[in-house]
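Spelled out from the first residue to the last, the chains are:
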Amino acid sequence: MSEVKIAAATRSEFGKGAARRIRRDNKVPGVLYGHGSDPIHLTLPGHELLLALRTPNVLIALDIDGKSNELAIPKSVQRDPIKGFLEHVDLQLVQRGETVGVEIFVQTEGELAPGGNLLEHVLNALPVEAEATHIPESVTVSVEGLEAGASILAKDIPLPSGTKLAVDGDTVVLQVLAAQAEEPAAEGEGEGDEAAEA
């Protein structure tokens, strides 16, 4: 996993007004916390941060005020619900060699057995523990030929070396559902009920 270097500045202004001023300058307010130290309030460059966050569980090398270098991973990202721009970010301080708990995306490959079955992602992301500088972006699972009723458990998913499950191995991650052929009939019954009530 590659590190993304971002220059950050500490901030001493807080509240909605200060946050709006920061965002007007195309910057993002954030907080860096972890390892029992006091939280550090930061201002980060918006565009660089947005690009970095495109990589899941990205490792960010922060250059704070040109004085200290810290490694961090994003833990919480707030976006504007309409425009999508970054409003705030929480970063967790990490150290090389340290194990951290993160969620990694579960991707699928292959085709289900014929018959119009549906694949349900019970978990979109799998909780795991990994070394801070070797966090996988995602895991890929084959669903080739799976039929209705089949499921894939957390323990069935091959994890990269050095990554461990942080959830019960019997947790269902993916399951195959049978195609719902009887839905139109159910809608027809509902219409009949309404007619009877009228």
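Reading the values: rules and limits
Residues numbered from 1 in each chain as written. Predicted model: local features only at pLDDT ≥ 70, side-chain atom pairs only at ≥ 80, totals over all residues. Heavy atoms only, no water. Helix = DSSP H or I, 4+ residues; strand = E, 2+ residues; numbered from the N terminus. Buried < 20%, exposed > 50% of the residue type's maximum accessible area, 1.4 Å probe, protein only. Contact = heavy atoms within 4.5 Å. Areas by Shrake-Rupley, 256 points an atom, 1.4 Å probe, with all protein chains shown as cover. Pairing = 2+ DSSP bridges. Axes fitted to C-alpha atoms, helices over the stretch in contact; angles between N-to-C directions. Salt bridge = Lys/Arg side-chain N within 4 Å of Asp/Glu carboxyl O. 1 Å grid on protein atoms, 1.4 Å probe; cavity = no way out; pocket = protein on both sides within 12 Å on 5 of 7 lines; lining within 4 Å. Points joined across faces, edges and corners; volume = space filled by probe spheres on them. Nonpolar A, V, L, I, M, F, W, Y, C, P; charged D, E, K, R; others polar. pLDDT = per-residue confidence, 0-100.

### Quick notes on the overall build of the protein
Moving on, step 1. Of the regular secondary structure elements, the protein holds 3 helices and 13 strands.
Moving on, step 2. Taken over 198 residues, the protein has a buried fraction of 34%.
Moving on, step 3. Residue pairs at least 24 apart in sequence account for 63% of intrachain contacts in the protein once pairs closer than 6 positions are excluded.
Moving on, step 4. Surface exposure of the protein reaches about 11,700 Å², of which carbon and sulfur atoms provide 48%.

### Thoughts on the sheet that holds strand 3 (residues 37–45)
Moving on, step 1. Reading around the barrel, the 6 strands line up as 1-3-2-6-5-4 and close back on themselves, with mixed pairing between neighbours. Taking the axes of each pair of neighbouring strands and ignoring which way they run, one obtains an average angle of 45 degrees across the sheet.
Moving on, step 2. The strands touched by helix 1 (residues 16–24) are strand 2 (27–34), strand 3 and strand 6 (86–94); relative to strand 2, the strand with the most contacts, the crossing angle is about 120 degrees.

### A short note on the pattern of salt bridges
Moving on, step 1. Per the counting criterion, the structure on display carries 1 salt bridge.
Moving on, step 2. Taking the shortest distance from any N to any O, the salt bridge between Asp170 and Lys155 comes out at 2.7 Å. Separated by 15 residues along the polypeptide, Asp170 in the loop between strand 12 (164–165) and strand 13 (172–177) and Lys155 in the loop between strand 11 (151–153) and strand 12 bring together distant segments of the chain.
Moving on, step 3. What makes Asp170 partly exposed here is its relative accessible area of 48%.

### Points about the layout of surface pockets
Moving on, step 1. In this model, the largest pocket occupies a volume close to 310 Å³.
Moving on, step 2. Contributing to the lining of the largest pocket are 14 residues, with Pro56, Asn57, Pro74, Glu103 and Phe105 lying nearest its centre.
Moving on, step 3. Of all the elements in the fold, those that place two or more residues in the lining of the largest pocket are strand 5 (68–79) and strand 7 (99–109).
Moving on, step 4. The element that contributes the greatest number of residues to the lining of the largest pocket is strand 5, accounting for 5 residues.
Moving on, step 5. Looking at the lining of the largest pocket residue by residue, the classes come out as 8 nonpolar, 3 polar and 3 charged.

### Considerations on unusual backbone geometry
Moving on, step 1. Within the chain, Asn57 stands out as a residue other than glycine whose phi angle is a positive 55 degrees.
Moving on, step 2. Using a relative accessible area of 15% as the deciding quantity, one classes Asn57 as buried.
Moving on, step 3. One non-glycine residue with positive phi stands out, namely Asp65, at about 55 degrees.
Moving on, step 4. With respect to the helices, strands and loops of the structure, Asp65 is situated in the loop between strand 4 (59–64) and strand 5.
Moving on, step 5. On the accessibility criterion, Asp65 (35% relative accessible area) is partly exposed.

### Let's talk about the confidence of the model for the protein
Moving on, step 1. In the predicted model, the protein carries a mean pLDDT of 83, and 89% of its residues have values of at least 70.
Moving on, step 2. Confidence, read as mean pLDDT per element, is least for helix 3 (residues 183–197) in the protein (48) and greatest for strand 12 (94).
Moving on, step 3. Per-residue pLDDT stays below 50 along residues 185–192; that stretch engages in 0 contacts with residues further than four places along the chain or on separate chains.
Moving on, step 4. In the predicted structure, residues 194–198 sits below a pLDDT of 50 and forms 0 contacts with residues beyond four places in sequence or in another chain.

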